[in-house]
Amino acid sequence: MSDKRTITIARGDGIGPEIMDATLKILEHAGAQFEPEFIDIGEKVYLNGNTSGIPNEAWVSLRRNKVFLKGPITTPQGGGYKSLNVTIRKTLGLFANVRPNISYAQFIKTKHPNMDLVIIRENEEDLYAGIEHQQTPEVVQCLKLITRPGSEKIVRYAFEYARKNNRKKVTCFTKDNIMKLTDGLFHKVFKEISEEYPDIETEHWIIDIGMAKIADTPQDFDVIVMPNLYGDIASDVAAQITGSVGLAGSANIGDQFALFEAIHGSAPDIAGKGIANPSGLLHGAIMMLVHIGQPDVATKIHNAWFKTLEDGVHTGDIAKGGSSVGTNEFAEAVIERLGQLPTTVTPVEYKLTEPSDESSFSMSPAVKDREKPDVVRELDGVDIFLCNNEQTSEEIGEALEAVAGPEFSLAVITNRGVKVYPNGFPETFTTDHWRCRFQINAAQKTITNQDIISLLGRVQKAGLDFIKIENLYRFNGERGYSLGQGQ
Ligand code: NAD
């Protein structure tokens, strides 16, 4: 029996099989030591009626081997199919998505010749929690979940990554001027953890201007850490401006598992044509080789890849109208150059990282086993959400004032977050979705969930249709909910 490390491999959909075959051929010729174990996931599995896109035997392989090289997967539109990529990342706890973006102006056309940045994207939380509901005929919602342990983990990972890779600065992107609680927590954690890394420069940008800066002056950035959705968008922008989205690889790292892939998707528009650039997946595989303790093989492949581009062997996406080669010819050209070094860029040299294939993060304890934070949580009121397309804000307000009872007073009604009662403006556009805020009465010392249940009973009796509630808490005396716009 072979003592080589077994790696789970999925060829993927669309261009996946073409770029995976090219990548594996290069790895084999470079002398990479691993045993591939292929699994079938994605489109075929979805279309066979498994809406998760992944069969049980694939999970068994992943859990046994712990390292996964994955081709891109098509998520079928509609039909209730969940993204398999998101399922795998979250199920295996792959909390960090590491996406290096480097420009090579010597041989790839780019407006940004000095770009060398790494995006560290939080990979499990945010709007990708995938918790969505239609609440009324007119309104749907998606819950944005940001957690303290999740933010601490990814921010610490970004600083550790910077230290290990001799990077000088970590930038944080959020939109905490608008989302003061969710993005506010991420930014707060960033500030707290940055104090443990005085050797590393830090800065924060609001995501919109930050993204504009990536597009304009990417050379100003080094490592950038951000919540999931922003990271998804920013890393495609960053990859594209290096010359092609087909160039960048990514590592998805967790406490126990690691997944390596290209950042791009399955490119159905060019699938089967043999013209896709395999470089993104190859870079994912290079990161995998370093992760499993084969930095010498990673170095050999990366330098041969440099030399191939330097010699003018380009796939169509970067040749941009010039002469180009197909996927397979490109792979052959890299294989021919294994052992050679580039002359116009500094060759890379990967080092063994310690420990070679474990992340430096030990497995997170379950919530019941974690240290309990010293937090006093007090109930302050409740937001009751109504579905109503028959009454005005004034009429709803008056009906609710009448049922508030001695425990509560109706503080405000908002519609899409903006105040419409009391003293709303007739010009404000409203939908059928009303958020009605009841706050504890000044004379009342405490309220309980039972008081809320009684209030709900009175609201229902008044003929109003509630669709959800959200309790309002203070944590250590600090308000744990946002005010309504105009409240
Ligand atoms: P895409 O990245 O597949 O393609 C965007 C554009 O870039 C296309 O014009 C494509 O031809 C080009 N392109 C992408 N990779 C290339 C390569 N290696 N060489 C040359 N050109 C390349 O994005 P999309 O079209 O939005 O998504 C297609 C499918 O991929 C969707 O089903 C999506 O859900 C899925 N997807 C999967 C992953 C993943 O598996 N990690 C990531 C993103 C999108």
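Before going into details, it helps to say that this report is about the structure given with it. Since the structure is predicted, the reported quantities are computational estimates derived from the model, not experimental observations. (Residues numbered from 1 in each chain as written. Predicted model: local features only at pLDDT ≥ 70, side-chain atom pairs only at ≥ 80, totals over all residues. Heavy atoms only, no water.)

1. Describing the overall build of the protein
Note the threshold: Numbered from the N terminus, helices here are DSSP runs of H or I no shorter than four residues, and strands are runs of E no shorter than two. For every residue, the accessible area (1.4 Å probe, protein chains only) is compared with the maximum for its type, and the residue is labelled buried under 20%, exposed over 50%, or partly exposed between those bounds. Contacts were defined at the residue level, with two residues in contact if any of their heavy atoms lie within 4.5 Å. We count Lys and Arg on the positive side and Asp and Glu on the negative side, and we leave His and both chain ends out. Here the site of a charge means atom NZ of a Lys, CZ of an Arg, CG of an Asp or CD of a Glu.
What the protein contains, in helices and strands, is 14 helices and 18 strands. Taken along the three principal axes of its C-alpha coordinates, the protein extends 80 × 55 × 50 Å. The buried share of the protein, taken over its 487 residues, is 51%. In the protein, 76% of the contacts between residues at least 6 apart in sequence involve partners at least 24 apart. The averaged location of the 65 negative side-chain charges in the protein is 2 Å from the averaged location of its 50 positive side-chain charges.

2. Thoughts on the packing of aromatic side chains
The geometry of an aromatic ring pair comes down to the distance between the two centres and the angle between the two planes. What counts is decided by this rule: Between rings of Phe, Tyr and Trp, where Trp is taken as its six-membered ring, a pair exists when centres lie within 6.5 Å; planes separated by under 30 degrees are stacked, by over 60 edge-to-face, and by other angles tilted. Either the NZ atom of lysine or the CZ atom of arginine qualifies as a charge over a ring when it sits within 6 Å of the ring centre and within 35 degrees of the ring normal.
For the structure on display, the rule yields 11 aromatic pairs. Here Trp305 and Phe306 contribute two aromatic rings whose centre-to-centre distance is 5.8 Å and whose plane-to-plane angle is 45°, an arrangement assigned as tilted. Judged by relative accessible area, which is 0%, Trp305 ranks as buried. For Phe306, a relative accessible area of 4% corresponds to the buried category. Their ring planes at 80° and their centres at 6.4 Å tell us that Phe408 and Phe438 sit as a pair that is edge-to-face. Residue Phe408 is located in strand 14 (residues 408-415), and its partner Phe438 is located in strand 16 (residues 433-440); the two are separated by 30 residues in the primary sequence. Side by side, Phe408 and Phe438 carry an identical accessibility label, which is buried. Cluster of aromatic residues (ring-pair linked, three or more members): Tyr104, Phe107, Trp305 and Phe306. The ring of Tyr128 has Arg121 lying over it, and the distance from NZ or CZ to the ring centre is 5.3 Å. Above the face of the Tyr473 ring, Arg377 is positioned so that its terminal group lies 4.6 Å from the ring centre.

3. With respect to the pattern of salt bridges
The test is simple: We define a salt bridge as a contact between a side-chain nitrogen of Lys or Arg and a carboxyl oxygen of Asp or Glu at a distance within 4 Å.
If you walk through the whole model with that rule in mind, you get 28 salt bridges. Linking Glu152 and Arg148 is a salt bridge whose minimum nitrogen-to-oxygen distance equals 3.0 Å. Of this pair, Glu152 and Arg148 are both found in helix 5 (residues 148-164), four residues apart, which corresponds to roughly one turn of the helix. Note that Asp222 and Arg167 form a salt bridge whose closest N and O atoms lie 2.9 Å from each other. Of this pair, Asp222 sits in the loop between helix 7 (207-216) and strand 10 (223-226) while Arg167 sits in the loop between helix 5 and strand 8 (169-174), and the two are 55 residues apart along the sequence. Here the two residues Asp222 and Arg167 agree in accessibility, since each one is buried.

4. Considering the sheet that holds strand 13 (residues 377-387)
As a reminder of what qualifies: Two strands are said to pair when DSSP picks up at least two bridges between them. Convention adopted: a line fitted to C-alpha atoms gives each axis, helices being fitted over their contacting stretch, and angles between N-to-C directions are expressed from 0 to 180 degrees.
Within the open sheet, the six strands sit side by side as 15-14-16-13-17-18. Their pairing is antiparallel. A single partner strand is all that each edge strand has here, and the edge strands are strand 15 (418-421) and strand 18 (478-479). Pairing analysis gives three bridges linking strand 14 to strand 15, with the strands arranged antiparallel. Of the residues in strand 15, the one forming a bridge with Thr414 is Lys419. The sheet strands contacting helix 13 (residues 393-403) are strand 13, strand 14, strand 15 and strand 16, and the helix crosses strand 14 at an angle near 160°. The strands touched by helix 14 (residues 449-461) are strand 13, strand 14, strand 16 and strand 17 (465-475); relative to strand 13, the strand with the most contacts, the crossing angle is about 20°.

5. Here's the deal with the sheet that holds strand 3 (residues 67-70)
Taken together, the 10 strands give an open sheet; going across it, the order is 2-1-3-12-11-4-5-10-8-9, and neighbouring strands pair in mixed fashion. Across the chains shown, the open sheet's two edge strands, defined by having one partner strand only, are strand 2 (34-38) and strand 9 (201-206). Along the sheet, successive strands turn relative to each other by an average axial angle of 25°, direction set aside. Relative to strand 12 (residues 258-262), strand 3 runs parallel, the two being bridged by three bridges. Paired with Leu69 across the bridge in strand 12 is Phe260.

Keep in mind these values describe shape, not function.
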